[in-house]
Amino acid sequence: MAEQTVTYLIGKDGKITVEVNGVKGAACRELVRDTVEKLGVELSTELKPEYFEQTGEKEQEKNRF
């Protein structure tokens, strides 16, 4: 399993960028949800290709049928 990392960058203009690596599917959003809510409103989201990949659990479930 790849190492999971979350990086928070705060620009001089106050813009906060959150980058998640090593997490597939919607789990990335779950991972940072509480922190993002505490920091304020998230204005935009750019999803990486990993977001659209299936997690191991879904793949295993799919193979059962």
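For clarity, every value in this text was computed on a predicted model and none was experimentally measured.

Focus: the overall build of the protein chain
Phase 1: When helices and strands are counted, the protein chain shows 2 helices and 2 strands.
Phase 2: Listing every helix and strand of the protein chain by position from the N terminus yields β-β-α-α.
Phase 3: Here the protein chain holds 65 residues, and the buried ones make up 9% of them.
Phase 4: Partitioning the contacts of the protein chain with sequence separation of at least 6, the portion at a separation of at least 24 is 34%.
Phase 5: Total accessible area on the protein chain is roughly 5900 Å²; 50% of this is exposed by carbon and sulfur atoms.

Looking at the pairing of strand β2 (residues 16-21)
Phase 1: Summarising the sheet, strand β1 (residues 5-10) and β2 pair through 6 bridges and their orientation is antiparallel. The residue bridging T5 from the neighbouring strand is N21, located in β2.
Phase 2: Hairpin connection from β1 to β2: 5 residues lie between these consecutive antiparallel strands, with G14 at a positive phi of about 90°.

With respect to the environment of A26
Phase 1: Locating A26 in the fold gives a position in the loop between β2 and α1 (27-39).
Phase 2: C-alpha of A26 to C-alpha of Q54: the two residues are 28 residues apart in sequence and 9.2 Å apart in space.

Thoughts on the pattern of salt bridges
Phase 1: As enumerated under the stated definition, the model contains 3 salt bridges in all.
Phase 2: Taking the shortest distance from any N to any O, the salt bridge between K24 and E53 comes out at 3.3 Å. Here the residue K24 occupies a position in the loop between β2 and α1, and E53 occupies one in the loop between α1 and α2 (56-63), the gap between them amounting to 29 residues.
Phase 3: Assessed through its relative accessible area of 41%, K24 is described here as partly exposed.
Phase 4: The partly exposed category is assigned to E53, whose relative accessible area is 35%.

Criteria and cut-off values
Residues numbered from 1 in each chain as written. Predicted model: local features only at pLDDT ≥ 70, side-chain atom pairs only at ≥ 80, totals over all residues. Heavy atoms only, no water. Helix = DSSP H or I, 4+ residues; strand = E, 2+ residues; numbered from the N terminus. Buried < 20%, exposed > 50% of the residue type's maximum accessible area, 1.4 Å probe, protein only. Contact = heavy atoms within 4.5 Å. Areas by Shrake-Rupley, 256 points an atom, 1.4 Å probe, with all protein chains shown as cover. Pairing = 2+ DSSP bridges. Salt bridge = Lys/Arg side-chain N within 4 Å of Asp/Glu carboxyl O.

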